[in-house]
Amino acid sequence: MTRLLSIEDLSIAFSGRAAVTDFNLDIHASETVALVGESGCGKSTTALSILRLLPASARLQGAIRFDGEDLLALPEPALRKIRGNRIGMIFQEPMTSLNPVLSIGFQIGEALRLHEGLSRRAALARAEELLDLVRIPEPHRRLHDHPHQLSGGQRQRVMIAAAIACRPRLLIADEPTTALDVTIQAQILELLGTLRKELSMSLLLITHDLGVVAQWADRVAVMYQGRKVEEADTHALFERPAHPYSRGLLGSALHLDDGRHYHDYRLPEIAAMAGGGPGEARFELTSTQPRILVQEQRHEQHLQAGPLLSVQDLRVSYPGADGPVEAVKGVSLQVARGESVGLVGESGCGKSTLSKAIMRLIDNDAGSIVLGGQHYEKTPRRALGDYRRRVQMIFQDPYGSLNPRQNVETLLETALAIHKIGNAAERRARIRKIVDAVGLPSDALRRYPNEFSGGQRQRIGIARALVLQPELIICDEPVSALDVSIQAQILNLLVDLKQEFGLSYLFISHDLSVVHYFSDRVLVMYGGRIVEEGDHESIWRAPAHAYTRQLIDAVPLARPPQAAELLPIAVGA
């Protein structure tokens, strides 16, 4: 096979602190190589170094050869001819990667104007074709939209359109399907696979979704603390992972068909053991104990006594170019005390709009929102203090929802002060208790959001929601951006907190495996409506609606077929 990219003894440091050490990897023509590992292990840093997109403070050693040229030695003008042309990149967070003041058509066409000399009109015409290629509805109309007018999944598709505009030989995809529901994920991955074949394009796929790796990658490299600890053919890695960390990743991953549910199974977590450097680090899966569901009997009683939350015939619309657009079309749902209700559906189906309406962050056109027997659908916002204390939200992007200028203690104290809870000493005591409950280190209170990993920031978001002692927490994609090892920790934490504080959850996710594990009941949303509802077992085993079946069919294979011997780890086994 022809070697297209060769990373040789790459080391990267920031302010003298090593981020990547002695990293080696080859990518051949028309090959897909997956790079996996926990948050902060150096995956994205390695990817960004290929196009020299790291900040000026980064110090790089080694070589990165593309078509025989060392990209680290190229002058900037020569490198600009490669970026976005021969090498494309899909960034992890499209909202921060797209320019908010430029239309998406202009941004997609920019590379075509620069590298292929197209006129502005010709570039826009090609941009429209690319939007259609990545399945953006009404591409001609959306061509002139700005990023904030698109859903998260649509913005990701815009990023993909821009990355493949010049038909690159190598595409670097940094979590390209993180924000996408399973049906769109399947379409995008199939599209990338087709483009790879048609263009003889190679793909470096950075992802935390091991199902995607199993289905689409030819080879896999596993990173831990800036080092490559294992590299293998995909089938070999899933059948016979050689490194303990690789075995831990596979053991922590959830699959729709593995039968695990929070009632019966506590997810195993990867724990690093003392001794040896990063290259020789030892790992184990944490021991698990049978989960005693102290709320289960009370939960059944509450179901009979009436729901905690009752939403009836809720309708929400927003202004559109041709008149009001109805995003939520008569949705009714209930959440009992102590219950976890999952909500799934494709990007743009109305899930986030529904959650914002329930939170009273946006107004509804019709319908009722009843919490604990009290109506809140028409309560003036200035009188919503009690409701906002009782209903809290954990957001998908904790970094974007945390004030970067406030340390953790101030973030939590502000929430308590706004609701006039306790005096200074009582607030400090409650904050310390919550920080300890979510597993943050003791020195976290004085630190700022940028000083934490993604998983730790999500714990801060959970602490902020919990500090008000709510009854209901709406979780909007709380683990979608986390690797499987951190995902297991957060899901275990949410279950533990549910037991400790008597919480109810409305859990929104596009990951059906996570919803299957975490939910007592599941709601399926499509086109602004709830089209199916069922318990966490029957809805997957015998789906009644065609869209539910479509969702299930789109879930990536849990692992290559030959790896069937990797079974769930039972609690207490």
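Not measured: the values here are computed from a predicted model.

Rules behind the numbers
Residues numbered from 1 in each chain as written. Predicted model: local features only at pLDDT ≥ 70, side-chain atom pairs only at ≥ 80, totals over all residues. Heavy atoms only, no water. Helix = DSSP H or I, 4+ residues; strand = E, 2+ residues; numbered from the N terminus. Expected span 1.5 Å × (residues − 1). Bend = angle between axes of the 7 residues up to and from the residue. Buried < 20%, exposed > 50% of the residue type's maximum accessible area, 1.4 Å probe, protein only. Core = buried A, V, L, I, M, F, W, Y, C linked by side-chain atoms within 4.5 Å. Contact = heavy atoms within 4.5 Å. UniProt positions renumbered as here; feature names shortened; annotations may be inferred. pLDDT = per-residue confidence, 0-100.

### What to know about helix H4 (residues 104–116)
Given 3.6 residues per helical turn, the α-helix brings residues three or four places apart onto the same face.
1) Next: With 13 residues, H4 should cover 18 Å at 1.5 Å per step; its first-to-last C-alpha distance of 18 Å lies within 8% of that length.
2) Next: Residue Glu-110 marks the point of greatest curvature in H4, where the axis turns by about 30 degrees.
3) Next: For H4, the full list of buried residues reads Ile-104, Gly-105, Gln-107, Ile-108, Gly-109, Ala-111 and Leu-112.
4) Next: Backbone geometry just after H4 places Gly-117 at a positive phi near 70 degrees.

### Details of the nonpolar core
Within soluble globular proteins, side chains that are nonpolar generally end up buried alongside one another.
1) Next: Grouped together as the largest cluster of nonpolar side chains are 57 residues, with contacts concentrated most on Ile-462 and Leu-491.
2) Next: Take this core: its biggest share by element is 8 residues, from helix H19 (residues 484–501).
3) Next: Not counting residues up to four positions away in its chain, the partners in contact with Leu-491 are Leu-254, Leu-267, Val-479, Phe-507, Val-514, Tyr-517 and Phe-518.
4) Next: In this structure, Leu-98, Ala-123, Met-159 and Leu-205 belong to the second largest nonpolar core, which totals 36 residues.

### Focus on the UniProt feature "domain: ABC transporter" (unreviewed entry) in the protein
1) Next: Those places that UniProt annotates as "domain: ABC transporter" (unreviewed entry) correspond, in this numbering, to residues 5–250 and 309–552.
2) Next: Between the first and last C-alpha atoms of residues 309–552 the distance is 28 Å; the span itself is 38% helix and 25% strand.

### Regarding the confidence of the model for the protein
1) Next: Here the protein averages 87 in pLDDT, while 91% of its residues score no lower than 70.
2) Next: In the model of the protein, helix H12 (residues 296–305) stands out as the element of lowest mean pLDDT, 49, in contrast to strand E16 (residues 366–371), which has the highest, 97.
3) Next: Note on residues 294–299: pLDDT is under 50 here. Beyond four places in sequence and across chains, it has 11 contacts.
4) Next: Contacts from residues 561–573, a stretch scored under 50 in pLDDT, to residues over four places away or in other chains number 28 contacts.

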